[in-house]
Amino acid sequence: MKIGYARVSTKDQTLENQLSRLADAGCELFFEEKISGAARKRSRLEAMLEQLRKDDVVVVTKLDRLARSTTELLHIAEKINEKSAGLQSLDEPWADTTTPAGKMIMTVFGGIAEFERSLILTRTQEGREAAQARGVPFGRPSKLRNDQKGLVRELVKNGQSIASVARTFNVHPATIYRCINEKDTL
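Below, the structure is looked at part by part. (Residues numbered from 1 in each chain as written. Predicted model: local features only at pLDDT ≥ 70, side-chain atom pairs only at ≥ 80, totals over all residues. Heavy atoms only, no water.)

### Comments concerning the environment of valine 136
- You can see valine 136 is positioned in the loop between α4 (100–133) and α5 (146–157).
- Remark: the alpha-carbon pair of valine 136 and threonine 10, spanning 126 residues in sequence, is separated by 43 Å. (Helix = DSSP H or I, 4+ residues; strand = E, 2+ residues; numbered from the N terminus.)

### Focus on the sheet that holds strand β1 (residues 2–8)
- Pairing is parallel in the open sheet, where four strands are placed in the order β2-β1-β3-β4. Bordering the open sheet on either side are β2 (29–34) and β4 (86–89), each of which pairs with just one other strand. Neighbour to neighbour, the strand axes of the sheet diverge by 20° on average, direction disregarded.
- Note: β1 against strand β3 (residues 57–60), three bridges, orientation parallel. Each residue of the ladder has a partner; that of lysine 2, found in β3, is valine 57.
- Sheet strands touched by helix α2 (residues 43–51): β1, β2 and β3. Its angle to β2, the strand with the most contacts, is close to 155°. (Pairing = 2+ DSSP bridges. Axes fitted to C-alpha atoms, helices over the stretch in contact; angles between N-to-C directions. Contact = heavy atoms within 4.5 Å.)

### Notes on the pattern of salt bridges
- Overall, the coordinates contain eight salt bridges when judged by the stated rule.
- Aspartate 91 serves as the salt-bridge partner of arginine 21, at 2.6 Å between the closest nitrogen and oxygen. Within this pair, whereas arginine 21 is found in helix α1 (residues 16–24), its partner aspartate 91 is found in the loop between β4 and α4, the two being separated by 70 residues in sequence.
- Overall, the relative accessible area of 33% leaves aspartate 91 in the partly exposed class.
- Between aspartate 147 and arginine 145 there is a salt bridge, and its shortest N-O distance comes to 3.1 Å.
- Among the charged side chains, a salt-bridge network with shared partners connects Lys149, Arg153 and Glu182. (Salt bridge = Lys/Arg side-chain N within 4 Å of Asp/Glu carboxyl O. Buried < 20%, exposed > 50% of the residue type's maximum accessible area, 1.4 Å probe, protein only.)

### What to know about a nonpolar patch on the surface
- A surface patch of nonpolar side chains, amounting to about 280 Å² of accessible area, comprises Met104, Val108 and Ile112.
- With respect to the element layout, valine 108 can be found in helix α4.
- Judged by relative accessible area, valine 108 falls into the partly exposed class, the value being 42%. (Patch = residues over 30% accessible without salt bridge, like charges linked within 9 Å, V, L, I, M, F, W, Y side chains within 5 Å. Areas by Shrake-Rupley, 256 points an atom, 1.4 Å probe, with all protein chains shown as cover.)

Structure follows, in structure tokens:
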């Protein structure tokens, strides 16, 4: 069965043109939404993906109605593929996973997206290492300054309870435990 998915971004826009084109393409069932493509939850898209069956074909007028990025498109296409269904775009004939050529193109896009992700991870790691070499601190800032840490250690060493010291500095007792267990940074 051909299933049409139509989406517009705002309430003021109309779905009529998309729905007409999807009907002309032979769609028998329609899922439509008036929601931004940036929205994390698109209930009608999720409902459509849930009810897909083997050999169904999801049809859209344009790929940007389905996804905002290549990564998102590949993620949705993978969900469709897991259901042994196909994907077809009326305006992008190369994006038709019901044909061998369309499957190949989507596979190539998947490889490019994976390559792009690995490049981003590599650049991020290199940037992090360079920043650490320059002494840029990472992670959450300490609740206690170095001079306070020395005082905390002294108070605990002199017999004050962890809870009492935590109340004195207005921090959680776990912060005091971390302080007394960390290597001296003074």
